[in-house]
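A closer look at the structure
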Amino acid sequence: MSHFTSEDEALLQSMLRQLLQSVKEKITGAPSVECAEEILLHLEETDENFHNYEFVKYLRQYIKNTVGPVIEEETEKCTSAQNQGEISGYDSLVQHLTKKARESKEYREMIHALKNVMMVVVESLINKFEEDRMHDKELASKAKKERQSGYYTDNCSDSDSSFNQSYAFMSQEQLQLLTERLDPSQPKEVRQEALQTLCLAPASDILSSESWPSLCKHLTISLADPDATFSEKILRFYAKTFSSSPFNMTKEVYTSLARHLELYFLSGEYSLRISAGLDVSNSDVNRLLKKVRLLNEYQKEAPSSWIRHPEKYMEEVVESTLSLLSLKHKPSHPASPDFLSPVHILALLDIKAVWFKKWTHAYYSRRVVFRLLEKKYKSLINAAVQQCLDYFEFCKAAVKNSKNFSYTGPELQYIYFVHSLCLLGRLLIYKQGQNIFPVQLKNKKDSVSITDVVVLFVQLIYYSPSYPKTALAAHTDNYSPERVVMEILQVFCDQTGCAAECLYTDTVIDALLHPVQSLLSGTEMCINCLETTLLDVADIFARIAASEDECINGCPTAAHVLVQFTKKLLHDDISLLSGSELMPVIKGAFIFVCRQMYRTCEGLQILIPYGLHESIAEAWRKTSLLSERVPTPVTDADSTSSISQESKTSLLWEETLLDALLNFSTTPKGLFLLHSTGAMNDCVNFMFNSLSKRIQVNCGNRIIVTQMATTPMGAVALQNSGFIKALVTELWAVLECGKDDLRITQPKSTPVDPIDQSCQKSFLFLVNVLTHPAVFELLSKQDIPNKPTYSFREVPTDIIDIIDRLIILNSEAKIHSLFNYEQSHIFGLRLLNVLCCELNTLLLLETQYKVSQVLLTAQEENVTETSEGPGVFIIDGLSVERNHILVRINLIGGPQERILPLRELDKGSGLYPWPMFSSFPVPKCYLAEIPAKAEFRQDKDLDKLLKLLKSPDKPTGWAEICRKQFSKIMKTRPESIRGPSEYYLRSLTKKAGKRPATLLVIFTEYGKYLNLLKEDAENALCFVLMNCEEFLKQQQRTVVSSLCCLQEHYAGYDWFASSIFLIMSGDREKTLMFLHQFSCLLVSAFLWLPRLHLSMHLPVTTVEYGIHPVYSCSAHHVEMLLKAELPLVCSAFHMSGFTPSQICLQWITQCFWNYMDWSEICHYIAICIFLGPDYQIYMCISVFRHLQQDILKHTEARDLQVFLKEEALHGFRVSYYIDYMESLEEIYRPMLLKDMRTIRAQNT
């Protein structure tokens, strides 16, 4: 296509003319030719319609046809060259293609042809323009001659030149003359000629002149001129002024236009009535609409600039507008009720009151608007409320009479109604707007409050015109009352302050619940479209429930009604909805409302008595059976289509129910309920399939996975679903292989951090998943593969493979199988470090895999070779990590009882200051100095407490007296309540020998070291633990289960019994006597975890789940209180995808060992026994309060779970938080103790 035909030239001329006409305003407004050229050159950047112009489309297609083949050919050549490494990078490729295309013969020919044809086209346009200009000049000259005999003459020497040419500037004298000629008393021809000149003059000159006040007055009067052409030219001048002048100048133009309209509506010539309708084709109506349209356009644009000017300017615009819109005929006027007001006209042009939305968006203008509305123009609000009430009455009548809008008059009223709805909806969002209420209407005795208006909105949903059920899904009418009201209510839900004032009242909630309660009670109701109404109600309640659970906290009755209705829907027990095509959608909507409630601990507490989880599970089982019975499709096309659709609907409903069940697992107690439904495996499979289809995993799913991994059955379900395998495979891909679909154009950068950012997500996911219950189920009695060879293509698929390939690298084959040995091994060691913070997990790994010995051997081999004697340790990333882990797992103690080596070099010397070791014992520098034992002083309060406890004749209310006395001691002298020593459990190793000691030796060695235990203390501790096991075995039931944790023995060590043994100074009789008596108390169920292992005191179903009450009860309530007491901490956990319940279970299971000093552990045990089992929950909340700032900081650093598991509780003292715990007790004790006492009969 190298040449153009005459038809092409004609087409190009037409398209170029169209382009120039479209950008005419931009070009004519340019101050110079150079500026006009710049505008055209940058048109693509400034004109959003640039690519829609026909001229641009034509050129683009022409270039594509001409140069496209050249580019494609070069692209193919470059692709082959890139594969050979000759060209790299996208930018280089683009530069190469551009250069080749511009150098091609086709490009040169195309440019030459374009230049030639455009020269012809532009020349033709210029000639045509000259012809048109000469023709216009002849007509103007002819008209001037005809006016020579006229009665008006001007002797000014410059009159001809002033009014017959376009000029850029005007003097004050010229403007004064122009003002005089525009006086309404002047002849029409003079005014028209003057107006023509006015339109050509710069608006800024006119508005800043001394003559402008008089000129503005003349223009305002002239707007009412019967000559449509004349008034239209004034409107054009106004429009030009609005677009090209600053706000401080245009506000006078706007107020003059508003004043003209106000006078027009009050004049005798205005005769438009609502009943007569509005004929837009009528010239007078058309002129009115243009004026109001210009006014409305300015209303929408002004807020973007008025903040840069004094407030008085903005106030003038606002007041002139409100004055116009508040205009009404006097009540005595015969046409007053039928008066077509300015608001009706404005509503036609801006039905959703966008102008009001923009005016109230910023506080700067909102304050003025609301002040004027409240003080002077409240009638505008009254009229809006009255319009909504009138429409509501009309709708109620329409329900009975089945009338539709069929006349122009009602249409006008309806438009005004929608405008009023939008205006009121915007008004109620803000506190200042709410202060305008209540309003008093003329025809109502009582005033109309905010609640009345919102109830009216809700009722409009019920009574608005109905739509065919089949068309409901496709209904997109943005101006239907139901849709407009829903938009308003949805905005209310999103605004916290507005929702509290407008929605969270009993009256509004009752109005929303009206159709639901009517269906529950079987009461007759007048509602146009029941299905639509129910879906809207469900939507609003779902938003309310999702927003700080106000529906639950503020009005629990609503929660009870909604859950009952949802259960009836699931049981198909609503007769009016039977057979409805939308029944599954309605069910899903109300299930979602309940889901928004039971996903939180507070909401779940309210819904538990109704057994909603059982109803959903029952519905899922029925649906699952039906989906299995769907017949096999036959050859008939129609039947295949219907069966396929039925199958899809059934599958969608089944997935909805599974998703609803899955979301129970966002809380500990909800997960317990999910276990009881028997749908755990199906829910996890559904979750895994859903996650497989997504690229990003959201916080909600991470929390569900974390909660599930905290229970044995949940961990097994994650393993069986393939989730663990996918997690391990993804980790291996980013750690060792990289992504298959990523073209490598340059080598990967060497990671700077111990765990690279690409692996951080997988690392945190593993930390969340590998709790002790999960590790025990996944690794119990599993041996390390230790293969002789490992292929590079052999990808790990399980947790045991991760331990084998990344942690226990005890062979050359394992080391050589890693592409990134150091990075991968450090990843494994960091993971091992976090796992070993959970002492039960540490014991499992030590027992099965001898991790201490593996690390010691690796350290022993990591020394320099010398002929003179033993070499020195090589300091590298791996040896530093191993040294840290060895100290952590072989020394146990609180923050002041052991010293963990840092993982970094000394900043001053640049050396590693911590001694390494490859055999036991651990160097003494890692043990803190034992301070001299303080002399014990007599304490009167303590004596009083002990005397009361030992007294055989205890007074009435002695227990409460003991509690108060104990609390007083904890506040004043906490050091007097402690175990026999300040430190505990110093070393896990014997001083002689290389093998790790047993836990019995831990206690006895420490006791001997402090001269607290006798030589046979090891046997005594063994005797205590064996007797405890035998004693608890008498209260255990036999359970047949595949879970490893439900076999004969408790899956972990008895940390509580061992702590009591230390407190009793190794006296086995005292220890056993205490534990025997202690087992009768409720608190024993929560402090002494082995106490309820396979216990006959729990329902058999509860035992089979392997979920301890500490998790389903204590940890659940910790999460509930955390949201109320420490919302920032709660949000931090949610953002991290981690759960407070998991770390609390870890703390409680091991009695805070490694996290607190021995004295604080004694205080923890003491307050739970003396003050009540609920203090275990208050204790955890206090810890989170102490850690709040650290939690927020580590949430931002994205390592919250690692911080909470690895770090001890530095600076935490139980005595510091006794007052805080007592304040929590006053609020929550009745609810918590009630729930703790019901663990014998868990509500499943």
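Nothing here was measured: the structure is a model prediction, and the numbers come from that model. (Residues numbered from 1 in each chain as written. Predicted model: local features only at pLDDT ≥ 70, side-chain atom pairs only at ≥ 80, totals over all residues. Heavy atoms only, no water.)

Looking only at helices and strands, the chain features 62 helices and 0 strands. Counting across all 1244 residues of the chain, residues that qualify as buried make up 52%. Sequence separation of at least 24 residues holds for 75% of the intrachain contacts in the chain that already meet a minimum separation of 6. (Helix = DSSP H or I, 4+ residues; strand = E, 2+ residues; numbered from the N terminus. Buried < 20%, exposed > 50% of the residue type's maximum accessible area, 1.4 Å probe, protein only. Contact = heavy atoms within 4.5 Å.)

The next subject is helix H23 (residues 450-463). Between its terminal C-alpha atoms H23 stretches 20 Å, which fits the 20 Å expected from 14 residues at 1.5 Å a residue. With 11 of 14 residues buried, H23 lies mostly within the body of the structure. Residues of H23 that are buried include every one of Ile450, Val453, Val454, Val455, Leu456, Phe457, Val458, Leu460, Ile461, Tyr462 and Tyr463, and no others. (Expected span 1.5 Å × (residues − 1).)

By secondary structure assignment, the location of Thr360 is in the loop between helix H18 (354-359) and helix H19 (363-375). Classification of Thr360 as buried rests on a relative accessible area of 0%. Polar contacts involving the side chain of Thr360 include one to the main-chain carbonyl oxygen of Lys357, which spans 3.3 Å. For Thr360, the residues in contact, after removing those within four places along its chain, are Arg366, Phe370, Arg426 and Tyr430. (Polar contact = N/O pair within 3.5 Å; in protein donor to acceptor, adjacent residues only side chain to side chain.)

On to the confidence of the model for the chain. In this model, the chain carries an average pLDDT of 83, and 84% of its residues clear a pLDDT of 70 or more. Under a pLDDT of 50 for its full length, residues 146-168 has, in the predicted model, 28 contacts with residues more than four places off or in other chains. Across residues 467-476, where pLDDT falls below 50, the model places 11 contacts with residues more than four positions away in sequence or in other chains. (pLDDT = per-residue confidence, 0-100.)

Right, let's talk about the packing of helix H40 (residues 772-779) against helix H44 (residues 839-849) for a bit. Running from N to C, H40 and H44 point in directions that differ by 20°, and their axes come no closer than 9 Å. Accordingly, the angle class assigned to the pair H40 and H44 is roughly parallel. Crossing angle aside, the handedness with which H40 passes H44 is left-handed. Facing H40, whose interface residues are His772, Val775, Phe776 and Leu779, H44 presents Asn840, Thr841, Leu844, Leu845, Gln848 and Tyr849. Broken down by class, the residue content of the contact of H40 with H44 amounts to 6 nonpolar, 4 polar and no charged. (Axes fitted to C-alpha atoms, helices over the stretch in contact; angles between N-to-C directions. Parallel < 35°, antiparallel > 145°, perpendicular 65-115°, else oblique. Left-handed = near helix turned anticlockwise from the far one by under 90°. Nonpolar A, V, L, I, M, F, W, Y, C, P; charged D, E, K, R; others polar.)

Within this structure, the stated rule accounts for 8 cavities of 30 Å³ or more. In this structure, the largest cavity spans a volume of roughly 510 Å³. If you go around the largest cavity, you meet 31 residues; those closest to its centre are Pro712, Pro773, Tyr1050, Gly1106 and His1108. Within the residue set of the lining of the largest cavity, elements represented by two or more residues are H40, helix H54 (1100-1105), helix H55 (1109-1125) and helix H57 (1140-1149). Looking at side-chain class alone, the lining of the largest cavity contains 16 nonpolar, 12 polar and 3 charged residues. (1 Å grid on protein atoms, 1.4 Å probe; cavity = no way out; pocket = protein on both sides within 12 Å on 5 of 7 lines; lining within 4 Å. Points joined across faces, edges and corners; volume = space filled by probe spheres on them.)

Attention shifts here to the packing of helix H39 (residues 757-769) against helix H43 (residues 821-835). Here H39 crosses H43 at 30°, and the two axes come no closer than 10 Å. Relative to H43, H39 is oriented roughly parallel. You can see that H39 and H43 cross each other, and the crossing is right-handed. Of the residues in H43, those touching H39 at Cys759, Phe763, Leu766 and Val767 are Gln823, Phe827, Arg830, Leu831 and Val834. Each residue belonging to the contact of H39 with H43 can be placed in one class, and the counts come to 7 nonpolar, 1 polar and 1 charged.

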